Amino acid sequence: MSDAPQARLIECLQYLFHDVAERLSPTDPARPFLDDCTNRLGQMARRLTARRFVAAVVGLTKVGKSTLLSALLGEEVAPRRNTVWSSVPVEYEYGEAFRAWVHFRKQVAREALSCRSGGELLDFIGKAATEGGRYSPGLVELVEARMPSPLLANGLVVADTPGFGAAQPGRADAETHAKVIVEYLNRLNARKDAFAQVYWVVRRGEGGIGSLEKRFYQEHLCGRCADVVVNYFGPEDGAHADPASQSKFRRRYGDCFDPLVRLHFLDGMQALEARKSNDAMALGSSGIQTLVDSMSAMAGNAYAHQAVRDVLAIWGDLHAALDRNLIDASRLWTIKKSRRDEAYYQAEQCGIPLKELDA
Ligand SMILES: Nc1nc2c(ncn2[C@@H]2O[C@H](COP(=O)(O)OP(=O)(O)OP(=O)(O)O)[C@@H](O)[C@H]2O)c(=O)[nH]1
Ligand SMILES: [Mg+2]
């Protein structure tokens, strides 16, 4: 058991829900509800005990992921091209100096490079992590980069990933890239010490969210994505911030994603140009700040406080389900009184009045 009281409480609740779910028949209407609670608690527990927080920027090819990443990190370090595609995930992590490592698929040894500047890092990543670069396709599994970006200073890792979807007919990359992304996300998921969130980037300006994007999101991203970036590609400065067009986007595409996702309307190119020219006004109006805030909140110790609110939200959902007779209260609470008492005790240690809410 973890030492953090919040983690102990979450573990108790997980056991409680799990025990109760196990004693219900597989077709009991309460089962999906309890399973959902257990999953949400599992995510919370993982987040509380993680030492690595990865924000994985994922999206269709050429939606501006790499441009956005450079804007977030404060300088141009992610290769952006019209023709050459990012082909390998690149993780950016905090370091006092610019460095990079290439991880190969079938080899433990890594190739390392020290760089004197962000420009050199960009150049190296451009050769190591894009189609037609210095390595044969499929040889490299991951490029790891270190740089002194303030965004990364509290333990956040930001990952640029290859775009899925074909732009050039006749190339196999669309599928290969989708496979690379799914493999990468699964590897992140398998790491016990890591908590990962997907930031799904879609492009607005010409067209919106296409069927390929919707499908990929539904199949691979939705369970791990709480933020969608709506990146504006258009001639009109500030158009991303227009409330009427934001509402139109929500109305038109709202059913594509989970209702709880946060939408960030921004202009990634404007943000990058503003970072390069140190233009605070233009950076402010680019809309990137809400995304910076969301990524920053992922890492660090701040989550322990949020976890308390999240537990209360789950408890509240449970009570709503009892009120609506979705769950039979007498069966739920009498099965494991000792577990329930333990959960109350741990909640008290965290200052959460679960018992009172129950009365
Ligand atoms: N007008 C405009 N162009 C952009 C914007 N963001 C990126 N671009 C351009 O679009 C092209 C693709 O941008 P990238 O950032 O490389 O896109 P990506 O999603 O990383 O592409 P892949 O990694 O190949 O999937 C580049 O030529 C960028 O300069 C934007 O916000 N507005
Ligand atoms: Mg890219």
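Trainee: Explain the packing of helix H1 (residues 5-23) against helix H2 (residues 30-49) residue by residue, including any values.
Mentor: The contact between H1 and H2 brings their axes to 9 Å, and the two run at 160°. As judged from the angle between their axes, H1 and H2 are roughly antiparallel. You can see that H1 and H2 cross each other, and the crossing is left-handed. Across the interface between the two elements, Gln-6, Ala-7, Ile-10, Glu-11, Leu-13, Gln-14, Phe-17, His-18, Val-20 and Ala-21 from H1 touch Arg-31, Leu-34, Asp-35, Cys-37, Thr-38, Leu-41, Gly-42, Met-44, Ala-45, Leu-48 and Thr-49 from H2. Of the residues assigned to the contact of H1 with H2, the class counts are 12 nonpolar, 6 polar and 3 charged.

Trainee: Got a sec to walk through helix H13 (residues 337-349)? Specific residues and values, please.
Mentor: With 13 residues, H13 extends 19 Å from end C-alpha to end C-alpha; this agrees with the ideal 18 Å at 1.5 Å per step. Restricting attention to buried positions, one finds in H13 the residues Arg-340, Ala-343, Gln-346 and Ala-347. For H13, the angular spread of buried residues about the axis comes to 125°, placing them on one side. Every exposed residue of H13 that faces more than 90 degrees away from the buried side is listed here: Lys-337, Ser-338, Asp-341 and Gln-349. After H13 finishes, the residue Gly-351 shows a positive phi value of roughly 75°.

Trainee: So what about the sheet that holds strand E9 (residues 262-266)? Which residues, and what values?
Mentor: With respect to topology, 9 strands assemble into an open sheet ordered E4-E3-E5-E2-E6-E1-E7-E8-E9, the strand pairing being mixed. A strand with exactly one partner marks an edge of an open sheet, and here the two such strands are strand E4 (110-115) and E9. The sheet shows a mean angle of 20° between the axes of neighbouring strands, direction not considered. Taken together, the 5 bridges between strand E2 (residues 90-94) and strand E5 (residues 140-147) define a ladder with parallel strand orientation. Looking across to E5, one finds that Val-90 is bridged to Val-143.

Trainee: I'd like a description of the nonpolar core, backed by residues and values.
Mentor: Formed by 70 residues in total, the largest nonpolar core has its most connected members in Ala-56 and Val-158. Ile-10, Phe-17, Cys-37 and Leu-41 belong to the second-largest nonpolar core, a separate cluster that totals 21 residues.

Trainee: Any details on the environment of Phe-216? Residues and values, ideally.
Mentor: Inspection of the secondary structure assignment puts Phe-216 in helix H6 (residues 211-221). Residue contacts for Phe-216: discarding those within four places in its chain leaves Phe-164, Ala-178 and Leu-221.

Trainee: Break down the pairing of strand E6 (residues 156-160) for me, with residues and values.
Mentor: Among the 5 residues of E6, 5 are classified as buried, and the element is accordingly described as predominantly covered. The sheet contact formed by strand E1 (residues 52-59) and E6 spans 5 bridges and is parallel. Bridge assignment links Val-54 to a residue of E6, and that residue is Val-157. Here E2 pairs with E6 via 3 bridges, running antiparallel. Opposite Tyr-92, over in E6, you have Val-158 as the bridge partner.

Trainee: Please provide a residue-by-residue account of the site of ligand 1, values included.
Mentor: Around ligand 1 there are 20 residues in total, and Gly-64, Arg-80, Ser-86, Gly-163 and Met-269 lie nearest to it. Looking at the shell around ligand 1, the elements with two or more residues in it are helix H3 (65-73) and helix H8 (268-276). Sort the elements by how many residues they give to the shell around ligand 1 and H3 lands first, with 3 residues. Grouping the constituent residues of the shell around ligand 1 by class yields 5 nonpolar, 10 polar and 5 charged.

Trainee: I'd like a description of the pairing of E4, backed by residues and values.
Mentor: Of the strand pairs in this sheet, strand E3 (residues 98-104) and E4 are connected by 6 bridges, and their pairing is antiparallel. Its bridge partner being in E4, His-103 is matched across the sheet by Arg-110.

Trainee: Which residues make up the domain arrangement of the chain, and what are the values?
Mentor: Each domain of the chain was delimited in the assignment, giving domain 1 (5-48 + 304-358) and domain 2 (50-287). When each unit is reduced to the centre of its C-alpha atoms, the spacing between domain 1 and domain 2 is 35 Å.

Trainee: Tell me what's going on with the packing of H3 against H8, and back it up with residues and numbers.
Mentor: Running from N to C, H3 and H8 point in directions that differ by 35°, and their axes come no closer than 8 Å. Two packed elements cross with a definite hand, and for H3 against H8 that hand is left-handed. Packed against H3, whose contacting residues are Thr-67, Leu-68, Ser-70 and Ala-71, the element H8 presents Gly-268, Met-269, Ala-271, Leu-272 and Arg-275 at the interface. For the contact of H3 with H8, a count of residues per class yields 5 nonpolar, 3 polar and 1 charged.

The rules behind these values
- Residues numbered from 1 in each chain as written.
- Chains lettered and ligands numbered in written order.
- Predicted model: local features only at pLDDT ≥ 70, side-chain atom pairs only at ≥ 80, totals over all residues.
- Axes fitted to C-alpha atoms, helices over the stretch in contact; angles between N-to-C directions.
- Helix = DSSP H or I, 4+ residues; strand = E, 2+ residues; numbered from the N terminus.
- Parallel < 35°, antiparallel > 145°, perpendicular 65-115°, else oblique.
- Left-handed = near helix turned anticlockwise from the far one by under 90°.
- Contact = placed C-beta atoms within 7 Å.
- Nonpolar A, V, L, I, M, F, W, Y, C, P; charged D, E, K, R; others polar.
- Expected span 1.5 Å × (residues − 1).
- Buried ≥ 20, exposed ≤ 12 C-beta atoms within 10 Å, placed from the backbone.
- Arc of directions from axis to C-beta.
- Pairing = 2+ DSSP bridges.
- Core = buried A, V, L, I, M, F, W, Y, C linked by C-beta atoms within 7 Å.
- Near = placed C-beta within 6 Å.
- Domains from an automatic or database assignment.

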